[in-house]
Amino acid sequence: MFGVGAAAHAQASTPSATAIFASGCFWCTESDFEKLQGVVKVESGYTSGRVQNPTYEQVSAGATGHTEAVRVVYDPSKVSYQQLLAHFWRNVDPTVKDRQFCDVGSQYRSGIYYLNEEQRQAAQASLETLQKSRRFERIYTEIVPASTFYLAETYHQDYAKKNPIRYTYYRTSCGRDARLKQLWD
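My aim in this report is to walk through the structure given alongside it, one point at a time.

Parameters at a glance
Residues numbered from 1 in each chain as written. Predicted model: local features only at pLDDT ≥ 70, side-chain atom pairs only at ≥ 80, totals over all residues. Heavy atoms only, no water. Pairing = 2+ DSSP bridges. Helix = DSSP H or I, 4+ residues; strand = E, 2+ residues; numbered from the N terminus. Contact = heavy atoms within 4.5 Å. Axes fitted to C-alpha atoms, helices over the stretch in contact; angles between N-to-C directions. Buried < 20%, exposed > 50% of the residue type's maximum accessible area, 1.4 Å probe, protein only. Arc of directions from axis to C-beta. Right-handed = clockwise from strand over helix to strand, strands pointing away. Lys, Arg positive; Asp, Glu negative; His and termini not counted. Salt bridge = Lys/Arg side-chain N within 4 Å of Asp/Glu carboxyl O. Polar contact = N/O pair within 3.5 Å; in protein donor to acceptor, adjacent residues only side chain to side chain.

## A few points about the sheet that holds strand β2 (residues 39-47)
So, step 1. Pairing is mixed in the open sheet, where six strands are placed in the order β7-β6-β1-β3-β2-β8. In the strand order of this sheet, the two ends are held by β7 (142-145) and β8 (150-151), each with one partner.
So, step 2. Judged from the eight bridges that link them, β2 and strand β3 (residues 67-74) form a sheet pairing that is antiparallel. Across the sheet, residue S44 finds its bridge partner in β3, namely V70.
So, step 3. Against the sheet, helix α5 (residues 117-133) touches β1 (17-23), β3, β6 (110-114) and β7, its axis set at about 150° to β6.

See below:
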């Protein structure tokens, strides 16, 4: 009993915050954010749609209004929301509407889903900085208030870790890293 209580207390005292992003395939987005120091947990799911408790089949068919997204739980003493935003931009193709890499449809649109006014202001400032850089003629990434985040099915969680060969094949064949290199290098 003592060990469980001590572990629970230590976990409860760790500060955390949450952010929600979409950049196409949630397997890739999840894997990209998990690489950041200070990120505690990343979960794949669906958000910004009109169907309650959507399934992968419904979302991937494109009729729910949801996008594949990730919920990032992070320690703000180790990584800031602004750092998460910078990481997001470097792992998305903001120049296309309703698609990311080989995945096409509104369910693969890119987005920043803010949870409070501070996040809204930071997201808007990051967008404005990118626009002022004139790197891209047009940016399609949406910045909207977060709505209900629905967890994706268990088999989608930690997909890159559980299925490294399939994940690597998908990521490579989809052209994600090649396009990111073209956009950002």
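## Quick look at helix α8 (residues 176-184)
So, step 1. Considered for burial, the residues of α8 that qualify are R176, L180, L183 and W184. End-on view of α8: buried residues confined to an arc of 75°, all on one side of the axis. Opposite the packed face of α8, turned more than 90 degrees from it, sit the exposed residues A178, K181 and Q182.
So, step 2. Packed against the buried residues of α8 are β1, α2 (26-34), α4 (81-89), α5 and α7 (164-174).

## Comments concerning the pairing of β6
So, step 1. The buried fraction of β6 amounts to five of the five residues, a majority that puts the element mostly inside the structure.
So, step 2. Across the two faces of β6 the burial is the same, with S110, I112 and Y114 and G111 and Y113 all buried.
So, step 3. In this structure, β1 lies alongside β6, joined through four bridges in antiparallel fashion. Following the sheet pairing, F21 is matched in β6 by I112.
So, step 4. Across four bridges, β6 lies against β7 in parallel orientation. Looking across to β7, one finds that I112 is bridged to I143.
So, step 5. Handedness of the crossover joining β6 and β7 through α5 is recorded here as right-handed.

## Some words on the side chain of E30
So, step 1. The residue E30 is located in helix α2 in this model.
So, step 2. For the buried E30, no salt bridge exists, and the shortest N-O distance to an oppositely charged side chain is 6.7 Å, to K161.
So, step 3. Within the structure, E30 has its side chain in polar contact with the backbone nitrogen of D158 (distance 2.7 Å).
So, step 4. If sequence neighbours within four positions are ignored, E30 has contacts with V42, E43, S44, V70, H156, Q157, D158 and Y159.

## Some thoughts on the environment of S77
So, step 1. Along the chain, S77 turns up in the loop between β3 and α4.
So, step 2. On the basis of relative accessibility, which here comes to 59%, the residue S77 falls in the exposed class.
So, step 3. For the pair S77 and S147, spaced 70 residues apart in sequence, the C-alpha to C-alpha distance is 26 Å.
So, step 4. Only 2.6 Å separates the side chain of S77 from the side chain of D75, close enough to count as a polar contact.

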